[in-house]
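Residues per chain are reported as follows:
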Amino acid sequence: MEKQFQDIIVESKLDIPYSYYAGPIASRFYDALEKERKILGIRCGSCNRVYMPPRATCGTCFHEMEDWVELKDEGEVVNFTIVHYEEPIHPVKAPFAYALIRLDGADTAFIHLLGEVDLGRIRIGMRVKAVFSDKNPGNILDIDHFRPV
Amino acid sequence: MAETKPRRISYRAVLPFRYSAGRAASRFFAELRDNKRILATRCPKCTKAYVPPRPVCGECFEPLKEWIEVGPEGTLVGYTVVHFPFLDPLTGRERPVPYGYGFIVLDGAATKIQHFIEETDITKLRAGMRVKPVFREKRQGNFGDIESFRVVG
Amino acid sequence: MERKVAIVGVGQTHHKARREDVNMMEMVHEAVLRCLEDAEITIDQVDAVLIGNMEHFEGVNLSDMWAVDFSGALGRFGMKITTGGSTGTTLSIASYYHVASGLFDTVLCIGWQKQSEGDTTAGLVSATDPIWERASFAGAFGTFAAAATQFMKEYGVSEEHAAKIAVKNRQNGRRNPYAHLQLDISVEDVLKSRVLAYPIRMLDMCPASEGACAMLFASEEKAKKITGRPAWVAAAETRHDSPFIGDVPMFMDLRTLRAASSAAYKKAGITNPLKELDVIELYEPVSWAEIAFLDALWLTEKGKIRDLIDKGVTNMDGELPVNPSGGVLCTNPIGATAMLRVAEAAIQIRGKGGARQIPNVRTALATGYGGNWWSDVMILKDRL
């Protein structure tokens, strides 16, 4: 009879430091965030959409964008979720809320955290305002969270 | 507007993995760990004995069911001593240099395995030398149970 | 039956160690715009976009998704193809299939890599088998170094032979404004350079580059409307080898390249490649590999390629120049590297090589190489 061999598991990992060049558009955005506490969008000269986060090319028009737009640091919650489980990658401890937020002046929404809020009272359409971090990690968490207004 | 300095966004990824070794590897590693024996699977059609062992012969597309012992000694076919340190993503740190590295045909096997070579003086290594595996005292059931290969004779 | 297909546009970035001035997708966009400019068309005339890189180098999966706006893929058919080092030739061959099938008239393919943003060797390690090979893997140069010592013994090739290849390709690179490395080096410089892993020295090794390449493939009808000088695809072949590094009997005897090139010659109606080929863009990860891989192209008797090299046949002014662009030894943004071989072959056929142009190129061969020991071959002609 064939001997049964126990299934062996090979434990492994990849531990790699990444460091991405942000490019001129993102560099400008993060400079404004860190140094001026301003949130910038970018407008396509062809279709007039204002993108946040900003990027160099409008995909729809295949057009280079150069027109910077200062957005309000306030906007509305387009959609949201409450996270109830733990993952090492999470920026804050569960339970916490992620939301799609469209700032006044922008045509696109972006994901960020909601804070200083009763998780049971978050509503689509709720008005929220940016709260800047005093830590300045050099990424989108230079904005620490958005709180209700 | 003042000239914007290029920014970098940094992120350290530590990604854990748990690979199922599979039937062939589990049997191979168990034999390595418990008995310090090296096994291969032999093709009934072309008679090649494969290390690492595997369930199918790539050339014949025949299932491999016959297990035989190979080595433990073998012949060093290609070798080098590495002097350039690089980041070992398995540890997150640079692997210390110099270290020997080479390809060995174990006696009875048709394929080569790659592993560390104990010798780090390049002038003392030659293709064709006989080598034998150095087993770790504490073995865990993976390929690292062989620490390196040592020149014999 | 398949249709005739040609390359009608080529674009590439100026390859560098670090493109601090752009992020990944902005760099991809640069190559795309240059390709469209070369073909004198707009993105609306592109039916499909195929894109690829070796994802672990940047640690960004779904890289095609992130590139959509910048690659011109928004609202268009497209897919990502990634096959390691051979990514660029796989993309080229897949583009050819898309058009040859009759299902698409124009296909844009893009290969790219932003290599300094991750760690090169760590990225390569992720391609090794985690159960058998990962813990003792010694990087690309460790593998090639161990293969080279076997090669030295079996084929009688010396460190000086390899150094001459390193010099030839770097000097060629000085005529290519897009090449990453522009080095005025001598054999002595190579032999004095730092040993990475014996016998491979620093100057024997290809660089890690950041760059992108884009090409436009078109059907016969579209090609004739777009340009007066298409580079026609006469053959495209791919062969793979076994999964473990040590499975092949003799590393440097690249049996997949022997098989792929043999099949490609048959398809292209070539019986005497040494006479009938005008230029070769060969994928050579290290100087040693150019000697070994050339031997696999049936130019002369097996094991005798050194005689041709020593006679100067593969020099810029020789009978059959190899790597007038400077090859991989000058420029290596991995996702783009193999595509650059096809692109440079197309540039030669189309007469757009500038200072690196070889006179009267009618038939060109390009090879791609990937781990473990895989080969792609494309043959381009100025007419079919």
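Right above here is the structure, for reference.
Notes on the structure follow. (Residues numbered from 1 in each chain as written. Chains lettered and ligands numbered in written order. Predicted model: local features only at pLDDT ≥ 70, side-chain atom pairs only at ≥ 80, totals over all residues.)

As for the overall build of chain A
Looking only at helices and strands, chain A has one helix and eleven strands in total. Walking chain A from its N terminus toward its C terminus, one meets helices and strands in the order β-α-β-β-β-β-β-β-β-β-β-β. Taken against the 2.2 N^0.38 rule, which gives 15 Å for 149 residues, the C-alpha radius of gyration of chain A at 20 Å runs more than 25% over that of a compact globule. Counting the 149 residues in chain A, one finds 30% classified as buried. Partitioning the contacts of chain A with sequence separation of at least 6, the portion at a separation of at least 24 is 48%. (Helix = DSSP H or I, 4+ residues; strand = E, 2+ residues; numbered from the N terminus. Rg over C-alpha atoms; globule rule 2.2 N^0.38 Å. Buried ≥ 20, exposed ≤ 12 C-beta atoms within 10 Å, placed from the backbone. Contact = placed C-beta atoms within 7 Å.)

Digging into the interface of chain B and chain A
Size of an interface: often given as the accessible area lost when the parts come together. The interface of chain B with chain A comprises 29 residues on the first partner and 26 residues on the second. Of all the elements in the fold, those that place two or more residues in the side of chain B that touches chain A are β1 (8-20) and α1 (22-35) of chain B. The pairing of strand β1 (residues 9-21) of chain A with β1 of chain B spans 13 bridges and is classified as antiparallel. If you follow Asp15 of chain A over to β1 of chain B, its bridge partner there is Val14 of chain B. (Pairing = 2+ DSSP bridges.)

Considerations on the interface of chain C and chain B
Across the boundary between the two partners, chain C contributes 33 residues, which contact 33 residues of chain B. Going through the elements one at a time, α4 (120-125), α5 (139-155) and β5 (195-197) of chain C are the ones with two or more residues in the side of chain C that touches chain B. Of the residues forming the side of chain C that touches chain B, the biggest block, eight residues, is contributed by α5 of chain C. Class assignment of the residues belonging to the side of chain C that touches chain B gives a composition of 17 nonpolar, nine polar and seven charged. (Nonpolar A, V, L, I, M, F, W, Y, C, P; charged D, E, K, R; others polar.)

Some words on the sheet that holds strand β2 (residues 39-43) of chain A
What links the strands of a sheet is backbone hydrogen bonding, and the strands pair in either a parallel or an antiparallel sense. Spatial ordering of the open sheet is given by β3-β2-β6 (chain A), a layout of three strands whose pairing is antiparallel. With partners counted over all chains shown, the strands left at the sheet margins are β3 (50-51) and β6 (67-71) of chain A, one partner each.

Description of the sheet that holds strand β2 (residues 38-42) of chain B
One open sheet accounts for three strands, arranged β3-β2-β4 (chain B); its pairing is antiparallel. Two strands bound the open sheet, and with one partner strand each, they are β3 (49-50) and β4 (66-70) of chain B.

Quick notes on the packing of helix α6 (residues 159-173) of chain C against helix α11 (residues 287-295) of chain C
To describe two helices that pack against each other, one gives the angle between their axes and the distance between the axes. Residue and element names in this part refer to chain C. Following both chains from N to C, one finds α6 and α11 inclined at 100 degrees, their axes separated by 7 Å at the closest point. On the basis of the axis angle, α6 is roughly perpendicular to α11. For the pair α6 and α11, the contacting residues are His161, Ala162, Ala163, Ile165 and Ala166 in the first and Ser287, Trp288, Glu290 and Ile291 in the second. When the residues that make up the contact of α6 with α11 are grouped by side-chain class, the tally is six nonpolar, two polar and one charged. (Axes fitted to C-alpha atoms, helices over the stretch in contact; angles between N-to-C directions. Parallel < 35°, antiparallel > 145°, perpendicular 65-115°, else oblique.)

Regarding the nonpolar core
All names here are of chain C. Among the nonpolar cores identified, the biggest contains 210 residues, and Val28, Met215, Ala346 and Leu380 are the most heavily contacted of them. When residues in this core are grouped by element, the largest group, ten residues, is from helix α14 (residues 334-349). Taken domain by domain, this core gets at least three of its residues from each of domain 1 (5-120 + 209-226) and domain 2 (127-207 + 232-381). (Core = buried A, V, L, I, M, F, W, Y, C linked by C-beta atoms within 7 Å. Domains from an automatic or database assignment.)

Quick notes on the environment of Arg306 of chain C
Along the polypeptide, Arg306 of chain C turns up in helix α12 (residues 305-310). Along the sequence, Arg306 of chain C and Ile291 of chain C sit 15 residues apart, while their C-alpha atoms lie 7.1 Å from each other.

Some details on the environment of Glu34 of chain A
All names here are of chain A. Structurally, the position occupied by Glu34 is in helix α1 (residues 23-36). C-alpha of Glu34 to C-alpha of Ala130: the two residues are 96 residues apart in sequence and 13 Å apart in space. In contact with Glu34, other than residues within four places in its own chain, are Asn136 and Asp142.

Description of α11 of chain C
All names here are of chain C. Most of α11 is tucked away, with nine of its nine residues classed as buried. Considered for burial, the residues of α11 that qualify are Ser287, Trp288, Ala289, Glu290, Ile291, Ala292, Phe293, Leu294 and Asp295. As for α11, its buried residues are in contact with α5, α6, α9 (255-268), α12, α13 (327-330) and β10 (363-370).

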